[in-house]
4 protein chains.
Amino acid sequence: MIIVLKPGITKKQERSVIQEIRKLGYRPHIMRGVSRTVIGAIGDELTHQSLETLAMLFPQIVESVTPVQKRYKLVSREAHPENSTVQVRENFVGGKKFHVMAGPCSVESEKQLMKTAEAVKAAGATMLRGGAFKPRTSPYEFQGLGEKGLKLLAKARKETGLGIITELLSENHAKMVAEYADILQIGARNSQNFQLLIAAAKTGKPILLKRGLSMKVEEWLLAGEYVLAHGNCSLMFCERGIRTFETYTRNTLDLSTIPIIKKESHCPIVIDPSQGAGRADLVIAMCKGAVAMGADALLIEVHPNPSEAWSDGSQQVSLEVFAQLMAELRPLIQAIGRN
Amino acid sequence: MIIVLKPGITKKQERSVIQEIRKLGYRPHIMRGVSRTVIGAIGDELTHQSLETLAMLFPQIVESVTPVQKRYKLVSREAHPENSTVQVRENFVGGKKFHVMAGPCSVESEKQLMKTAEAVKAAGATMLRGGAFKPRTSPYEFQGLGEKGLKLLAKARKETGLGIITELLSENHAKMVAEYADILQIGARNSQNFQLLIAAAKTGKPILLKRGLSMKVEEWLLAGEYVLAHGNCSLMFCERGIRTFETYTRNTLDLSTIPIIKKESHCPIVIDPSQGAGRADLVIAMCKGAVAMGADALLIEVHPNPSEAWSDGSQQVSLEVFAQLMAELRPLIQAIGRN
Amino acid sequence: MIIVLKPGITKKQERSVIQEIRKLGYRPHIMRGVSRTVIGAIGDELTHQSLETLAMLFPQIVESVTPVQKRYKLVSREAHPENSTVQVRENFVGGKKFHVMAGPCSVESEKQLMKTAEAVKAAGATMLRGGAFKPRTSPYEFQGLGEKGLKLLAKARKETGLGIITELLSENHAKMVAEYADILQIGARNSQNFQLLIAAAKTGKPILLKRGLSMKVEEWLLAGEYVLAHGNCSLMFCERGIRTFETYTRNTLDLSTIPIIKKESHCPIVIDPSQGAGRADLVIAMCKGAVAMGADALLIEVHPNPSEAWSDGSQQVSLEVFAQLMAELRPLIQAIGRN
Amino acid sequence: MIIVLKPGITKKQERSVIQEIRKLGYRPHIMRGVSRTVIGAIGDELTHQSLETLAMLFPQIVESVTPVQKRYKLVSREAHPENSTVQVRENFVGGKKFHVMAGPCSVESEKQLMKTAEAVKAAGATMLRGGAFKPRTSPYEFQGLGEKGLKLLAKARKETGLGIITELLSENHAKMVAEYADILQIGARNSQNFQLLIAAAKTGKPILLKRGLSMKVEEWLLAGEYVLAHGNCSLMFCERGIRTFETYTRNTLDLSTIPIIKKESHCPIVIDPSQGAGRADLVIAMCKGAVAMGADALLIEVHPNPSEAWSDGSQQVSLEVFAQLMAELRPLIQAIGRN
């Protein structure tokens, strides 16, 4: 911890702060600067109590308190310098092969799902996405087919061999959803629902953790830390757009998270351009950027007839657009040396 | 729904859009403007399918689609033109009397809690707040005393007569927490955890719903709608600061929500300046603003020794500051005609 | 400056950083912590070169670099512990008397201005606002009457005795506008147009500096520092709402700036609720909050017939609403001990 | 304009609104929906007065007023369906060839500039950037070499043949800067300094307009409209990051603006990853994304010795990193079919 004192502090005031620092288990180290005195407090910040209350206890004396240790450990690249990969059936996300997870926002019917599954497989996707439990802003909107949707996903997997990714909404469903799904998705609204993260981690299934709408990178990494700290190492981060002042797009897809997550963590990073833009017409360009910047996978909403979708129709691409998208991505995937 | 077409659209293109509008259950109404044609689609937007996918289905033809109905009903002032009040033991939040809910961020020990409870009661508070289950950004931080904390809160209520407000974190705890608490608090991180909202609503206890860090007013009202739609009318909204670019304060307390909630909804509005500012030195001014602008209650973090608090010490005020705060609020409460 | 090194750094790597710190004019001070080494660099950060490039020069070694000195001096409360007041004709903003500056968004005609001036004076305002040069988002919108508008403002002052505040848009107009106005307003869009700030400062007239739409408090204080550093001490800060994700209001009025500016600076703080909310129906509540929280003055848009205003009609209040507002503010102004 | 009335409005109330609509020059068109009545007001919104004040004039009757016309004309793709190109000496930005503009944040000395100019030219850049007038957050920071810097830029052009881009800060410098520069850059802080935009437009030189820190796409296009409306068609938009809640990077580079600007406008789009990230270590990934997504050019800060830079050292890349960057971009530029 670094404690900066205000200008013009007396020795007596300084001593009272130093005494408190010692009391809280740190060893103080005084540096007298040109206009201010700075105290370095040596000790393990993860085990000792925080010193941030000093600013409040001594409002006339202490100007600021800054921690020097990173708060996340297991997800950090320091803990695991190599990239980690997450196995999903026979595939490995985070390795040399680039993956595409595609499918409808909501599972609506067997016909809709099978048609989509076959088409996305034919176009090159390796996993099938589809929502069975849907978190909806309004209680009057379609809330998903529930377990019936999970059964349809399992059937689609059986017929196509695609791995299944679907959202987990409730602690009470963790066991059930884990029986059907290959990857449990934690949605943006639940990204700091720590009880749900713990329940998901305990199933042992791979977890895809979306970034919350106003989640700082550090908070996202710490939410991921909950998963690893509860014994599950198969974690993927997924950027899906943050909330900003801009209203042209539904969210602002923050592609800079690709190099940032690669720098701070060993876990794979997945990009969801459908949620990020909220507009199908921008999805292709977003996907190209994600590939070029080093994302490990894409998560794309695809629907056989977007205008009749039961949820979020305006951000889903048609089967034809998806096939075109995959064709346009290929030269970029090669250009960056992946396959 | 209002559908705006692009300039220079042919009659044939127009017809294709109109046909789709009819197919989705709306009655189209065409208006030809100076540079664009606008189609009003008449029908109940809450029961019919959304037309927002038209912009995607006809990207060359449709420029924008805008809904005209409000998406919330039960929480709206239209549904209940008078202010509603929420009964908490013998008190009514939302009536003429102004209420203060005060207490520590976390329940830490019997001594800490009893000392605080007695002091806040003496200063004029009518309810006691205290966290037993704590949602913490890092898995390595203090997570609360759990049921032991609830028992201490119940004991404090027995000794002081203060109503108890505490946070509910998990669907699985709803029944247990409801046994001890008078008000269930839904925290900012869980404000769109709809499963938790439903579980809380079903207990029948009053709910205090905090605004999420990046929640728009409409989304907040819709989250409240989940509570009323599941049969619980005792809802209070609580503003606790939103996330913005500013870093001086931890969050930006949006006091404009006081007149906004009063205008849009009949439910009481409570202000939490402790979370909002994240700095005890700004709490007094924030409370004064909230009172003058018409808030129904305040939720304030108070600790007998903030510098030794186990969580969020820098935003808790001491017992002495709290007493001073209450004294300074009194003339303002009178000046606006409340008591 | 505080330089935090990464974990597991060798002595040799450490020496290379220390050498560079010395080269840039600072005296290094090493502290070895549990997992990281921290170097305090002693020296005057306002005269020496910044050390922030160390993180880049030694990307494998240095984790972060943090300054410890505040970057603003003349506007800071440390430089001038008492409140400063700004004289505008016979009035002093920042003293015990609370001031209201009111008038139309744009000066439109002699009749409109005189009617407004007389009405706001009768209701208790001490200054008249009115835009002669208007910064408009679109080049096709009304850009203000220019010097003709200034002449009308001067005439209104002559007849009512009210001081005049009007916006300065161009360096080239500084001299001319200063001839007519008692206060030069620097608008939100120009809050970091430093050339304009310097030109305004040099006129010697009082300056009202609005906060930019996405300006951090520190940047706002530094923009004010430009005014004082160019020899003009008559500076007022004016909060007018920041840009956030919320769309219910045009901007989010950040009333916490009142205690913040009072804490960091000696200059008066003025609140503009009209721009802040962009909605006349919220203006009264906002004004009440501002008074209770300790603002020194209000800047309110008033128009004899808002629906026919040439700009921003939806945020201007009518003469009747303004009179009601002033009546409702009086008990609050008394309750906080001002007049 | 689309005017939505509140539920339960009487015929008489409706008539009063309709009367006002006629008075303001529009032809009303009534549509009765299930719960609300909607009025379409036909007329040219760019020449008639706005109807937005209706919501204020009839607060009990009118719920919302929405414009249907786009506010920008000359910059819109509707006005000019083909891509437009901007000629800079013998180069055309916006055509098939991808361009890189590179150079130091500030011009510091002849040696620094020449060394950089030669290196960036050798690596493939076609234009040289360099600041002579610098907008600095604090008045105590280096403000640029002024005209001396411009002369050095002109000398570098003479020796290398690279076109020159430099920032214009003051209306009074427009003529002088235009004598030296090939492109005038309008910085983020001045993006709505309309007087500066007009002065820049009138020089006839190509303009690169950076997006403001909290500028919506529509506002950016309208600021560009000021340039075209004052007779200058050589406009390029430049995304350089917006201000969000995230603190890991200095700004959040919004790469979605590439497909958005391409969709809404015919003008070229340039990406500035140096300002966007504020961190040299993220610049390479950002550039790759920009290329893949269809940007027309990059604007990159390059310095022979970033750690000794007089401004923004932490975001400038070294000559070696720049050469490596250019090598890594080539396969992507080819993969998307540009050269």
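Residues numbered from 1 in each chain as written. Chains lettered and ligands numbered in written order. Predicted model: local features only at pLDDT ≥ 70, side-chain atom pairs only at ≥ 80, totals over all residues. Heavy atoms only, no water.

Caption draft 1: Molecular detail of the overall build of chain A. Per the secondary structure count, chain A includes eleven helices and 14 strands. Residue burial in chain A is summarised as follows: out of 339 residues, 65% are buried. Sequence-distant contacts, at least 24 apart, represent 67% of the contacts inside chain A between residues at least 6 apart. Of the roughly 11200 Å² that chain A leaves accessible, carbon and sulfur atoms contribute 50%. The centroid of the 43 positive side-chain charges in chain A is displaced by 4 Å from the centroid of its 34 negative side-chain charges. (Helix = DSSP H or I, 4+ residues; strand = E, 2+ residues; numbered from the N terminus. Buried < 20%, exposed > 50% of the residue type's maximum accessible area, 1.4 Å probe, protein only. Contact = heavy atoms within 4.5 Å. Areas by Shrake-Rupley, 256 points an atom, 1.4 Å probe, with all protein chains shown as cover. Lys, Arg positive; Asp, Glu negative; His and termini not counted. Charge placed at Lys NZ, Arg CZ, Asp CG, Glu CD.)

Caption draft 2: View of the relation of the copies chain B and chain A. Aligned on chain A, chain B shows an RMSD of 0.0 Å; the corresponding rotation is 180° and the shift along the axis is 0.0 Å. Read as a symmetry element, the transformation amounts to a two-fold axis. Considering only C-alpha atoms, the part of chain B nearest the rotation axis is Ser214 of chain B, at 3.0 Å. When the interface residues of chain B are mapped onto chain A, 100% of them again lie at the interface, so the same face is used by both copies. (Least-squares fit on C-alpha atoms with pLDDT ≥ 70 in both.)

Caption draft 3: Quick look at the sheet that holds strand β4 (residues 62-66) of chain C. Residue and element names in this part refer to chain C. Sheet architecture is open: four strands sit in the order β2-β3-β1-β4, paired in antiparallel fashion. The open sheet has two edge strands with one neighbour each: β2 (27-32) and β4. Within the sheet, the average angular offset between the axes of one strand and its neighbour, ignoring direction, is 20°. Examined bridge by bridge, strand β1 (residues 2-5) and β4 share four bridges and lie antiparallel to one another. Counterpart to Leu5 in the pairing with β4 is Val62. (Pairing = 2+ DSSP bridges. Axes fitted to C-alpha atoms, helices over the stretch in contact; angles between N-to-C directions.)

Caption draft 4: Molecular detail of the packing of helix α6 (residues 194-202) of chain C against helix α7 (residues 217-229) of chain C. Residue and element names in this part refer to chain C. Packing of α6 against α7 brings their axes to within 8 Å, and their N-to-C directions diverge by 40°. With respect to α7, the element α6 is oriented oblique. Pair α6 / α7 crosses with right-handed handedness. Touching Phe194, Leu197, Ile198 and Ala201 of α6 are Ala223, Tyr226 and Val227, all from α7. Partitioning the contact of α6 with α7 into residue classes produces seven nonpolar, no polar and no charged. (Parallel < 35°, antiparallel > 145°, perpendicular 65-115°, else oblique. Left-handed = near helix turned anticlockwise from the far one by under 90°. Nonpolar A, V, L, I, M, F, W, Y, C, P; charged D, E, K, R; others polar.)

Caption draft 5: Focus on the nonpolar core. Of all hydrophobic cores here, the largest spans 166 residues; its most connected members are Phe237, Ile300 and Phe322 of chain B together with Phe237, Ile300 and Phe322 of chain C. Counting 165 residues, the second largest nonpolar core, distinct from the first, contains Trp220 of chain A together with Leu113, Ile198 and Trp220 of chain D. (Core = buried A, V, L, I, M, F, W, Y, C linked by side-chain atoms within 4.5 Å.)

Caption draft 6: Summary view of the relation of the copies chain C and chain B. The transformation that overlays chain C on chain B combines an axial shift of 0.0 Å with a rotation of 180°, and the residual RMSD is 0.0 Å. When the interface residues of chain C are mapped onto chain B, 100% of them again lie at the interface, so the same face is used by both copies.

Caption draft 7: Looking closely at the pairing of strand β11 (residues 207-210) of chain D. Residue and element names in this part refer to chain D. Side chains Ile207 and Leu209 of β11 all project onto a buried face; the interleaved residues Leu208 and Lys210 project onto the opposite face, where all are buried too. The parallel pair strand β10 (residues 183-186) and β11 is bridged by helix α6 (residues 194-202), and the resulting crossover is right-handed. Taken together, the four bridges between β11 and strand β12 (residues 235-239) define a ladder with parallel strand orientation. Note on β12: the bridge partner recorded for Leu209 is Phe237. Once you follow β11 into helix α7 (residues 217-229) and on to β12, the crossover reads as right-handed. (Right-handed = clockwise from strand over helix to strand, strands pointing away.)

Caption draft 8: Expanded view of the environment of Met114 of chain B. Residues and elements named next belong to chain B. Structurally, the position occupied by Met114 is in helix α3 (residues 110-123). Counting along the chain gives 20 residues from Met114 to Gly94, while the straight-line C-alpha distance between them is 27 Å. Excluding residues that lie within four positions of it along the chain, Met114 makes contacts with Leu152, Lys155, Ala156 and Glu159.

Caption draft 9: View of the interface of chain C and chain B. Across the boundary between the two partners, chain C contributes 35 residues, which contact 35 residues of chain B. Where chain C touches chain B, the interface holds two salt bridges. Where chain C packs against chain B, one counts six residue pairs in polar contact (both at pLDDT 80 or more). Mapped by element, the contributors of at least two residues to the side of chain C that touches chain B are α8 (257-264), α10 (280-293) and α11 (319-335) of chain C. For the side of chain C that touches chain B, the element with the highest residue contribution is α10 of chain C, accounting for eight residues. (Salt bridge = Lys/Arg side-chain N within 4 Å of Asp/Glu carboxyl O. Polar contact = N/O pair within 3.5 Å; in protein donor to acceptor, adjacent residues only side chain to side chain.)

Caption draft 10: Region of the structure containing helix α11 (residues 319-335) of chain B. Taking 1.5 Å per residue as the helical rise, α11 of chain B with its 17 residues ought to reach 24 Å, and the 25 Å between its terminal C-alpha atoms agrees with that figure. The largest bend in α11 of chain B is about 30°, located at Leu329 of chain B, with the proline Pro331 of chain B one to four residues further on. Of all the positions in α11 of chain B, only Leu319, Phe322, Leu325, Met326, Leu329, Leu332 and Ile333 of chain B are classed as buried. In this structure, the buried side of α11 of chain B is in contact with β7 (99-103), α3, α10 (280-293) and β14 (297-301) of chain B together with α10 and α11 of chain C. Once α11 of chain B ends, the next one or two residues include Gly337 of chain B, with phi positive near 85°. (Expected span 1.5 Å × (residues − 1). Bend = angle between axes of the 7 residues up to and from the residue.)

Caption draft 11: Layout of the interface of chain B and chain A. With 48 residues of chain B at the interface, the matching set in chain A holds 48 residues. Between chain B and chain A the total buried area reaches about 4200 Å² when both faces are included, carbon and sulfur atoms providing 51% of it. Seen at the junction of chain B and chain A, the total is four salt bridges. Between Arg243 of chain B and Glu219 of chain A there is a salt bridge, with its nearest N and O atoms 2.6 Å apart. Only α1 (11-23), α2 (54-57), α6 (194-202) and α7 (217-229) of chain B provide two or more residues apiece to the side of chain B that touches chain A. Looking at the side of chain B that touches chain A, the element that brings in the most residues is α7 of chain B, giving six residues. Grouping the constituent residues of the side of chain B that touches chain A by class yields 18 nonpolar, 16 polar and 14 charged. (Buried area = accessible area lost by both parts, 1.4 Å probe.)

Caption draft 12: Representation of the environment of Val107 of chain C within the structure. All names here are of chain C. In this structure, Val107 sits in the loop between β7 (99-103) and α3 (110-123). With ten residues separating them in the primary sequence, Val107 and Lys97 have C-alpha atoms 27 Å apart. Ignoring anything within four residues of it in the chain, the contact list for Val107 reads Gln112, Leu113, Gly130, Gly131, Phe142, Leu145, Gly149, Leu152 and Leu153.

Caption draft 13: Geometry of the sheet that holds strand β14 (residues 297-301) of chain D. All names here are of chain D. Strand order around the closed barrel formed by eight strands is β7-β8-β9-β10-β11-β12-β13-β14, with parallel pairing between neighbours. Neighbour to neighbour, the strand axes of the sheet diverge by 25° on average, direction disregarded. The sheet contacts of helix α4 (residues 147-160) involve β8 (127-129) and β9 (163-167), and relative to β9 the element is tilted by about 160°.

Caption draft 14: Looking closely at the side chain of Asp182 of chain C. Residues and elements named next belong to chain C. The topology assignment puts Asp182 in the loop between α5 (174-180) and β10 (183-186). In this structure Asp182 comes out as buried when scored by relative accessible area, which is 9%. There is a polar contact of 2.9 Å between the side chain of Asp182 and the side chain of Arg157. At 2.7 Å, the side chain of Asp182 and the backbone nitrogen of Ile164 are in polar contact. Apart from residues no more than four positions distant in its own chain, Asp182 is found in contact with Val88, Arg89, Arg157, Gly163, Ile164, Lys205 and Pro206.

Caption draft 15: Examining the packing of aromatic side chains more closely. All names here are of chain B. The full count for this structure, using the stated rule, is eight aromatic pairs over all chains. Geometrically, the ring pair formed by Trp220 and Phe237 is edge-to-face, given 5.3 Å between the ring centres and 80° between the ring planes. You can see Trp220 sitting in helix α7 and its partner Phe237 sitting in strand β12 (residues 235-239), a full 17 residues away along the chain. Assessed through its relative accessible area of 0%, Trp220 is described here as buried. (Phe/Tyr/Trp six-rings, centres within 6.5 Å; stacked < 30°, edge-to-face > 60°.)

Caption draft 16: Just the packing of α7 of chain C against α8 of chain C, in detail. Residues and elements named next belong to chain C. Running from N to C, α7 and α8 cross one another at 50°; their axes reach a closest spacing of 12 Å. The orientation of α7 relative to α8 falls into the category oblique. The two elements α7 and α8 meet at a crossing, and its hand is right-handed. Residues Val217, Trp220 and Leu221 of α7 pack against Thr257, Ile260, Ile261 and Glu264 of α8. For the contact of α7 with α8, the per-class residue count stands at five nonpolar, one polar and one charged.

Caption draft 17: View of the confidence of the model for chain A. Residues with a pLDDT of 70 or more make up 98% of chain A, whose mean pLDDT is 92. For this predicted complex, the interface confidence score (ipTM) comes to 0.91, while the overall pTM stands at 0.93. (pLDDT = per-residue confidence, 0-100.)

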